[in-house]
Protein chains: 2
Amino acid sequence: MPETRIQSRNRAAILDAGLEIFSRYGFRGATLDQIAGEAGLSKPNLLYYFQSKEAIHRALLLQLMDAWLEPLRDIDPAGEPLDEMLDYVRRKLALSRDYPRESRLFANEILSGAPHIDDTLASTLRDLVDGAAALIADWVAEGRLAQVDPHHTIMSVWALTQHYADFDVQVRAVLDTDDPLRGAEAHLTQLFDRLLRPGA
Amino acid sequence: MPETRIQSRNRAAILDAGLEIFSRYGFRGATLDQIAGEAGLSKPNLLYYFQSKEAIHRALLLQLMDAWLEPLRDIDPAGEPLDEMLDYVRRKLALSRDYPRESRLFANEILSGAPHIDDTLASTLRDLVDGAAALIADWVAEGRLAQVDPHHTIMSVWALTQHYADFDVQVRAVLDTDDPLRGAEAHLTQLFDRLLRPGA
DNA sequence: GTCTATATACAGATAGAC
DNA sequence: GTCTATCTGTATATAGAC
């Protein structure tokens, strides 16, 4: 039987509430009471839609991973290397702007040792990164990018872009602006341009 | 009455165990059972030394903040600008190497909205960063550093160095080396050299 | 100082009425 | 589908013996 409109609306509300709570407190720190309250449903009703607390969390991580790695997949081997890399930085930064809760959910999972996605890290992520790193290595060898370590460069993109979502509280405390991401884009574009632009 | 050797040893064991557990699961996700087990003490005995779970957490955050900001304080206004900045990066990276649990404890606190240290962020940290940013701005104005945004540059140092401690699981999954920090130092030195070295 | 036993609250999950 | 009531385990913290 197909899902009714009410059902899909409630499912969405639960996932949204779960994202809100899990991203703040981590899996163990979050409670079903909080999620139910945030979703505007009773706790038993929550468990009518999802079998368990872990089921909600698993569903969130699953839908996250794909979106999270998309910018990396979108790097075009046929494009202009520096442009491709700077576009990658901007796409990744856009994720921090548009999906900060997803970023924090992921950060919480990694911080606690990635118990729910360790296999994905070791397989999907690893392969994807190795592929992108090989591409960067080629570009470096052809002299179309400056000499850099491909793996560390990719991780630098992650660290710098995700920082604006994960450490948002600190960023705002230090910057005193209501839109930290505006300055961030200019800064990161400059940073990676200077790192990657092939030298004289 | 002065503290006995046993007392100070137990206190230290509790703080070490608390660091281990809190840094992994966050404040709410950690349990006294885990901490007691890790410390090799009974739960009531734990609470003989610290009044509450929060007291342990508070003590850890307190001793953390000072050590964490020390590298920033150590930037010498009379030094050679580029060297001072690169030394700062290396000192901060050394903290990630030597005190990864402290880094994760801090990350957990910020991720959950910094409920226990929000005042420190708004006062001590803010002032310290503004001071360092003013120094960097001077160096830029004198042409002794390349044109950069001082605040975003400081945060980039944090993001890039702390990433190797906070996201250790992911870093190792992607890099496949038993000492990620070796490559990190070379990479980050290169990155900040290219970002900050005054241009032709 | 350190333990066993326990008070009290809250967690995830289920039963069963409607 | 959604609720109230509740089961069961586990959490923080305390009482009191030793």
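Overview of the structure. Remember, predicted model here, so these are calculated numbers, not experimental data. (Residues numbered from 1 in each chain as written. Chains lettered and ligands numbered in written order. Predicted model: local features only at pLDDT ≥ 70, side-chain atom pairs only at ≥ 80, totals over all residues. Heavy atoms only, no water.)

## Looking at the relation of the copies chain B and chain A
Then, number 1: Mapping chain B onto chain A is achieved by rotating through 180° and translating by 0.0 Å along the same axis, at an RMSD of 0.1 Å. Taken together, these values place the two copies in the relation of a two-fold axis. By C-alpha distance to the rotation axis, the residue of chain B lying nearest is B:Gly29, at 2.1 Å. (Least-squares fit on C-alpha atoms with pLDDT ≥ 70 in both.)

## Observations concerning the interface of chain B and chain A
Then, number 1: Opposite the 54 residues of chain B that make contact, chain A presents 54 residues.
Then, number 2: Both sides of the chain B and chain A interface together cover about 4,800 Å² of buried area, and 65% of this is carbon and sulfur.
Then, number 3: Per-residue buried area on chain B facing chain A is highest for B:Arg28, B:Leu111 and B:Val174; these three make up 15% of the total on that side.
Then, number 4: Applying the counting criterion to the chain B and chain A interface returns two salt bridges.
Then, number 5: With its nearest N and O atoms 3.5 Å apart, the salt bridge here joins A:Asp176 to B:Arg126.
Then, number 6: Taken together, the connections running from chain B to chain A amount to 22 residue pairs in polar contact (both at pLDDT 80 or more).
Then, number 7: Of all the elements in the fold, those that place two or more residues in the side of chain B that touches chain A are helix H1 (5–29), helix H6 (100–111), helix H7 (118–141), helix H8 (150–166), helix H9 (168–175) and helix H10 (180–196) of chain B. (Contact = heavy atoms within 4.5 Å. Buried area = accessible area lost by both parts, 1.4 Å probe. Salt bridge = Lys/Arg side-chain N within 4 Å of Asp/Glu carboxyl O. Polar contact = N/O pair within 3.5 Å; in protein donor to acceptor, adjacent residues only side chain to side chain. Helix = DSSP H or I, 4+ residues; strand = E, 2+ residues; numbered from the N terminus.)

## Structural notes on the layout of surface pockets
Then, number 1: Of the voids in this model, the largest pocket is the one considered here, and its volume is about 370 Å³.
Then, number 2: Together, 28 residues line the largest pocket, and A:Tyr25, A:Gly26, B:Tyr25, B:Gly26 and B:Asn108 are the ones closest to its centre.
Then, number 3: Within this model, the second largest pocket holds a volume of roughly 220 Å³.
Then, number 4: Taken together, 14 residues form the lining of the second largest pocket, with A:Leu61, A:Leu62, A:His116, A:Ile117 and A:Thr120 sitting closest to its centre.
Then, number 5: Elements with a minimum of two residues in the lining of the second largest pocket: helix H4 (53–73) and helix H7 (118–141) of chain A.
Then, number 6: Per element, the largest residue contribution to the lining of the second largest pocket is nine residues, and it comes from H4(A). (1 Å grid on protein atoms, 1.4 Å probe; cavity = no way out; pocket = protein on both sides within 12 Å on 5 of 7 lines; lining within 4 Å. Points joined across faces, edges and corners; volume = space filled by probe spheres on them.)

No statement about biological role is implied by the geometric values presented.
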